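Structural characterization, general
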Amino acid sequence: MSEEEVGFNIFYLLLLFAVIYPPKEFISLGFTIESIFANYLGSESIFFINYHINRSCLMLMVHSIVPIVYLMIYYLYFGVKLPKIVFVQYFWYMLIVLAFLLPIGALCLIYYYKQNNWRNHPIAKILQRYSNTPNNPESWMTVAAEINNEFRRTDKLIKTFSAITKIVVTENWIMKTSLYFVHFAHQSDSALIAVNTDSHNISIQDTNDSAQFVNIQVTPTRDGIKPFKIRINSLDFKELQDRINRPIVILSSVKFHTTIIDRFVEVFHSEIERNPRYRANQANLDNCFACMTKKPDVKINKHCPDQGDDRCTNCFCRPMWCSSCLARWFASRQDQSERETWLNSKCNCPMCRSRFCILDVCLLEDE
Ligand SMILES: [Zn+2]
Ligand SMILES: [Zn+2]
Ligand SMILES: [Zn+2]
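Since the structure is predicted, the reported quantities are computational estimates derived from the model, not experimental observations.

A few words now on the sheet that holds strand β4 (residues 182–186). Reading across from one edge, β1-β2-β3-β4 is the order of the four strands in this open sheet, with antiparallel pairing throughout. Each edge of the open sheet is held by one strand with a lone partner, namely β1 (157–160) and β4. Across the sheet, the mean angle separating the axes of adjacent strands is 10° when strand polarity is ignored. For β1 and strand β2 (residues 166–169), the ladder comprises four bridges, and the chain directions are antiparallel. Within β2, the residue paired with T160 across the bridge is K166. The strands that helix α5 (residues 48–64) touches are β2, β3 (173–177) and β4; relative to β3, the one it contacts most, it runs at about 25°. Of the strands in this sheet, β3 and β4 are in contact with helix α8 (residues 122–130), which crosses β4 at around 5°.

Structure representation (structure tokens):
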């Protein structure tokens with residue numbers, strides 16, 4: 001194989017990978033199968049089901065012509081050079097026949113799906129199982145119309161995981177799109193279990209900067225519907241839980257990472273425990289100014305023996321913040337790239353702007 005041929009093979013492989021799993025740059029340039037054939041696919045936001053039936057057929061067709069396009073370009077550029085060994089020659093003939101058969105097979109399959117208004121398509125078949133009149137072969141369309149309707153609303157949750165996989169939660173449905181298919185689960189008859197988590201470092205310098213993903217097994221109890229897994233960033237877990245009208249069971253082995261800020265709040269608590277207390281009548285305090293749920297339990301009262309230009313000043317505000325919210329406020333005012341220095345840093349009182357350090361944060365004690 002000449003250098004040129006090797007180069008062509010590598011280029012074609014990369015192109016193939018970019019066509020099947022388009023990187024972000026391709027998506028933003030509109031260089032994806034979906035955007036090139038946007039007219040054929042129709043509008044996903046208006047006809048979600050029809051769009052995905054069309055999309056699955058389009059993917060099938062485009063992917064099936066990959067080998068034949070490869071062979072055609074190859075022979076146009078490099079000519080016919082059959083290997084000398086007879087056995088290898090037969091192998092090549094078989095590959096060529098297969099390359100011709102693939103698109104024919106894909107066309108036949110799509111023709112079969114399309115019969116009777118797409119009744120044979122796997123998406124239609126799965127929706128048929130959800131219909132109230134499974135004996136009427138057209139009833140999948142009623143379910144499809146219901147899903148299209150829910151998808152048109154603004155209250156849906158969409159989490160895109162890759163160019164081909166996204167998770168959609170509407171009022172009653174949980175759906176996951178894949179290369180040639182869409183998984184469906186009706187929320188009313190599905191069990192959701194968070195089975196495990198995995199973490200990936202997103203920053204090379206900082207091992208604390210990792211993204212955690214939760215894998216959730218969705219098991220529809222309806223006959224003939226296969227369970228599937230959805231995977232979301234653990235920061236989105238709460239949002240997902242809020243959108244689904246049934247609890248997600250979390251296995252005891254699943255441990256969610258606390259964020260950097262959560263970890264700082266814990267350290268902040270243990271640090272201020274050591275400071276002197278501030279005596280105050282806690283009975284008539286309003287709820288915390290930030291979270292509105294907890295009672296204020298700290299007061300900024302200068303105790304530190306600091307000197308220099310950036311000196312702490314006394315704060316005369318009433319206790320208005322709870323210690324967790326004050327810790328979050330403190331963390332949010334610090335240099336995010338220098339976490340080691342947070343505890344020794346200063347911050348301004350969120351109400352009166354007076355300077356304070358952690359030594360000045362006093363827990364309240366009843367008078
Ligand atoms: Zn609070
Ligand atoms: Zn103040
Ligand atoms: Zn201070």
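Still more ground to cover, so stick around.
Quick look at the coordination of the zinc ion (ligand 1) now. All of the protein donors around the zinc ion (ligand 1) are C288 (SG), C291 (SG), C322 (SG) and C325 (SG); their distances to the metal are 2.2 to 2.4 Å. Look at where the donors of the zinc ion (ligand 1) fall in the sequence and you get C-x2-C-x30-C-x2-C. Here C322 lies in the loop between β10 (298–300) and α12 (323–332) and C291 lies in the loop between β9 (278–280) and β10, a separation of 31 residues in the sequence. Residue classification places C322 among the buried positions, given a relative accessible area of 1%.

Here we take up the packing of aromatic side chains. Per the counting criterion, the structure on display carries 23 aromatic pairs. Seen from their ring centres, F8 and Y12 are 6.0 Å apart, and the 40° between their planes marks the pair as tilted. Of this pair, F8 and Y12 both sit in helix α1 (residues 3–20), four residues apart, which is roughly one turn of the helix. Considered together, F8 and Y12 belong to a single accessibility category, that of buried residues. Their ring planes at 45° and their centres at 6.2 Å tell us that Y112 and Y113 sit as a pair that is tilted. Residue Y112 is classed as partly exposed on the basis of its relative accessible area, which comes to 40%. A residue is classified by how much of its surface remains accessible, and Y113, at 14% relative accessible area, is buried. Through a chain of ring-to-ring contacts, three or more aromatic side chains come together here, namely F8, Y12, Y70, Y74, Y75, Y77 and F78. Residue placement shows R152 over the ring face of F47; its charged tip is 5.5 Å from the ring centre. Its end group placed over the ring of W329, R333 keeps NZ or CZ at 4.0 Å from the ring centre.

Cut-offs applied
- Residues numbered from 1 in each chain as written.
- Chains lettered and ligands numbered in written order.
- Predicted model: local features only at pLDDT ≥ 70, side-chain atom pairs only at ≥ 80, totals over all residues.
- Heavy atoms only, no water.
- Pairing = 2+ DSSP bridges.
- Helix = DSSP H or I, 4+ residues; strand = E, 2+ residues; numbered from the N terminus.
- Axes fitted to C-alpha atoms, helices over the stretch in contact; angles between N-to-C directions.
- Contact = heavy atoms within 4.5 Å.
- Donors = N, O, S within 2.8 Å, 3.2 Å for Na, K, Ca; no water.
- Buried < 20%, exposed > 50% of the residue type's maximum accessible area, 1.4 Å probe, protein only.
- Phe/Tyr/Trp six-rings, centres within 6.5 Å; stacked < 30°, edge-to-face > 60°.
- Lys NZ or Arg CZ within 6 Å of the ring centre and 35° of its normal.

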